[in-house]
Amino acid sequence: MAAEEETSLLVVIIDVNPVWWGQRKLKDENDLSFSQCIDSLLIFINSHLMLHHLNKVAVIASHTNRSQFLYPTREPSPSSQDVDESRYQNIPRDGKYEHFAKVDDTVFKEVKQLITGQEEELHSDTLLAGSLAMALCYIHRLEKEAAAGEKLKPRVLVIKAADDSASQYMDFMNIIFTAQKQNIVIDACILDKESGLLQQACDITGGIYLKILQRTGLLQYLLWVFLPPVKTRSKLALPPAIHVDYRAACFCHRTLIDIGYVCSVCLSIFCTFSPICTTCHTAFKFRGPPMRAKKKKKITAVENVI
Ligand SMILES: [Zn+2]
Ligand SMILES: [Zn+2]
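Computed from a predicted structure; not experimentally measured.

1. What to know about the pattern of salt bridges
Proximity of charged atoms lets side chains of opposite charge pair with each other.
Piece 1. Overall, the coordinates contain 11 salt bridges when judged by the stated rule.
Piece 2. For the salt bridge of Arg-24 with Asp-192, the shortest nitrogen-to-oxygen distance reads 4.0 Å. A residue pair is termed long-range when its members are at least 10 positions apart, and Arg-24 in helix α1 (residues 18-27) and Asp-192 in the loop between β5 (185-190) and α7 (196-205) qualify at 168 residues. Pair check on accessibility: Arg-24 and Asp-192 agree, each one buried.
Piece 3. Close ionic contact of Arg-233 with Asp-187 constitutes a salt bridge, the shortest N to O distance being 2.7 Å. Highlighted residues: Arg-233 in the loop between α8 (218-226) and β7 (248-249) and Asp-187 in strand β5, separated in sequence by 46 residues.
Piece 4. Overlapping salt bridges bring together Arg-24, Asp-31, Asp-192 and Arg-215 as one network.

2. Let's talk about unusual backbone geometry
When glycine is set aside, most residues are seen to have a negative phi, and most peptide bonds are trans.
Piece 1. With an omega of -10 degrees, the peptide bond between Tyr-71 and Pro-72 qualifies as cis.
Piece 2. Summarising the element assignment, Pro-72 is placed in the loop between β3 (67-71) and α3 (81-89).
Piece 3. Positive phi, close to 60 degrees, is recorded for Asn-183, a residue that is not glycine.
Piece 4. Mapping Asn-183 onto the fold places it in the loop between α6 (169-181) and β5.
Piece 5. The exposed category is assigned to Asn-183, whose relative accessible area is 64%.
Piece 6. Although it is not a glycine, His-281 adopts a positive phi angle of roughly 60 degrees.

3. Things to note about the coordination of the zinc ion (ligand 1)
Piece 1. Protein coordination at the zinc ion (ligand 1) comes from Cys-250 (SG), Cys-252 (SG), His-253 (ND1) and Cys-271 (SG), with a distance range of 2.0 to 2.4 Å.
Piece 2. Here the zinc ion (ligand 1) is ringed by four donor atoms whose angles at the metal span 95 to 132 degrees, and the overall shape comes out tetrahedral.

4. Thoughts on the nonpolar core
Piece 1. Membership of the largest hydrophobic core comes to 45 residues, with the highest contact counts inside it found for Val-11, Ile-13, Leu-132, Val-156, Val-158, Phe-172 and Leu-198.
Piece 2. Only β1 (5-15), β2 (56-62), α5 (128-145), β4 (150-160), α6, β5, α7 and β10 (269-270) provide two or more residues apiece to this core.
Piece 3. Looking at this core, the element that brings in the most residues is α5, giving eight residues.
Piece 4. Residue-level mapping places this core at the junction of two domains, with at least three residues from each of domain 1 (5-235) and domain 2 (247-306).
Piece 5. The contacts of Leu-198, once residues within four sequence positions are left out, are Leu-128, Val-158, Lys-160, Phe-172, Ala-188, Ile-190 and Tyr-209.

5. Observations regarding the coordination of the zinc ion (ligand 2)
Piece 1. The protein atoms donating to the zinc ion (ligand 2) are Cys-263 (SG), Cys-266 (SG), Cys-277 (SG) and Cys-280 (SG), with metal-donor distances spanning 2.3 Å.
Piece 2. Geometry at the zinc ion (ligand 2) is tetrahedral, judged from its four donor atoms and the angles of 107 to 114 degrees they form at the metal.
Piece 3. Its relative accessible area of 27% is what places Cys-280 among the partly exposed residues.

6. With respect to the environment of Arg-254
Piece 1. One can find Arg-254 in the loop between β7 and β8 (256-257).
Piece 2. A sequence separation of 17 residues divides Arg-254 from Cys-271, and the C-alpha atoms of the two residues are 9.4 Å apart.

7. Observations regarding the pairing of β1
Piece 1. The buried fraction of β1 amounts to nine of the 11 residues, a majority that puts the element mostly inside the structure.
Piece 2. Pairing of β1 with β4 involves 10 bridges; the strand directions are parallel. Bridge pairing in β4 links Ser-8 to Lys-153.
Piece 3. Bridge analysis of β1 against β2 gives seven bridges, and the strand direction is parallel. The partner of Ile-14 across the bridge, within β2, is Ala-61.

8. Regarding the pairing of β2
Piece 1. The buried fraction of β2 is high, at seven of seven residues.
Piece 2. Of the two faces of β2, the one carrying Lys-56, Ala-58, Ile-60 and Ser-62 and the one carrying Val-57, Val-59 and Ala-61 are both buried.
Piece 3. In this structure, β2 lies alongside β3, joined through four bridges in antiparallel fashion. Paired with Ser-62 across the bridge in β3 is Ser-67.
Piece 4. Linking β2 to β3, which pair antiparallel, is a turn of four residues.

Calculation rules
- Residues numbered from 1 in each chain as written.
- Chains lettered and ligands numbered in written order.
- Predicted model: local features only at pLDDT ≥ 70, side-chain atom pairs only at ≥ 80, totals over all residues.
- Heavy atoms only, no water.
- Salt bridge = Lys/Arg side-chain N within 4 Å of Asp/Glu carboxyl O.
- Helix = DSSP H or I, 4+ residues; strand = E, 2+ residues; numbered from the N terminus.
- Buried < 20%, exposed > 50% of the residue type's maximum accessible area, 1.4 Å probe, protein only.
- Donors = N, O, S within 2.8 Å, 3.2 Å for Na, K, Ca; no water.
- Tetrahedral: all angles 85-135°; square planar, octahedral: opposite > 155°, others 65-115°.
- Core = buried A, V, L, I, M, F, W, Y, C linked by side-chain atoms within 4.5 Å.
- Domains from an automatic or database assignment.
- Contact = heavy atoms within 4.5 Å.
- Pairing = 2+ DSSP bridges.

As structure tokens, this is what we get:
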């Protein structure tokens, strides 16, 4: 019928920060557990695959210091027949179609390996910027590999648990603007504290930002809010857009500031004056008396602080 078939590619980034998930269990037994979260995620991605036979999915786990693909895994190329073949076989196994079973099994296996993997130093923040960069690279690769006439509609959904990390601010902003340029929508489903970085990401790329009120209802939020494709969203009554906090966090104390100092080299933001930038180690040359530095500049101005 239509000459151009549209492939909807959904890349889900799931925050698997063990510190955050571990704390949930200690605080409240009835809270959403990690395995329930993975179950909800699997139902969600299976639903996405069910919507259209060309739909594709990828899942990336965001750990405290690395990012890893949960699906598809390395060996078979994502566009290889390995995946597509089984899609049409329609052989139920445990009541599930082969392709769904394959996705489920792969994700389960990879999550298990990731969680029970080598002991390492754990942090309370998640390497989200790295996972987003991985998602964008993957989308870019699939766009290049796409067959003639195949149109890829990519979007990214971040399921975020742990707090924002101010140290990733720069990378994060670069990723957001790259996504905007490539027309990639970033959606965010927030399980815990508000995320200023993701608010900006969703606002800039035209995605949905939603902090869920009840964690145990995660699956319902995923199915109702994040499953419909981007083009149908205008017809739905989705949660209203939130007020985006565009204030930047200072790199020294991670507090939100209205006015501050900007490094002219790396654009790091500081709430107090420092002669050396702590991010890029640039030493500012003083031409006049250093007292002039007391004059505060607006953070939006890209200027030297002296
Ligand atoms: Zn500060
Ligand atoms: Zn700097």
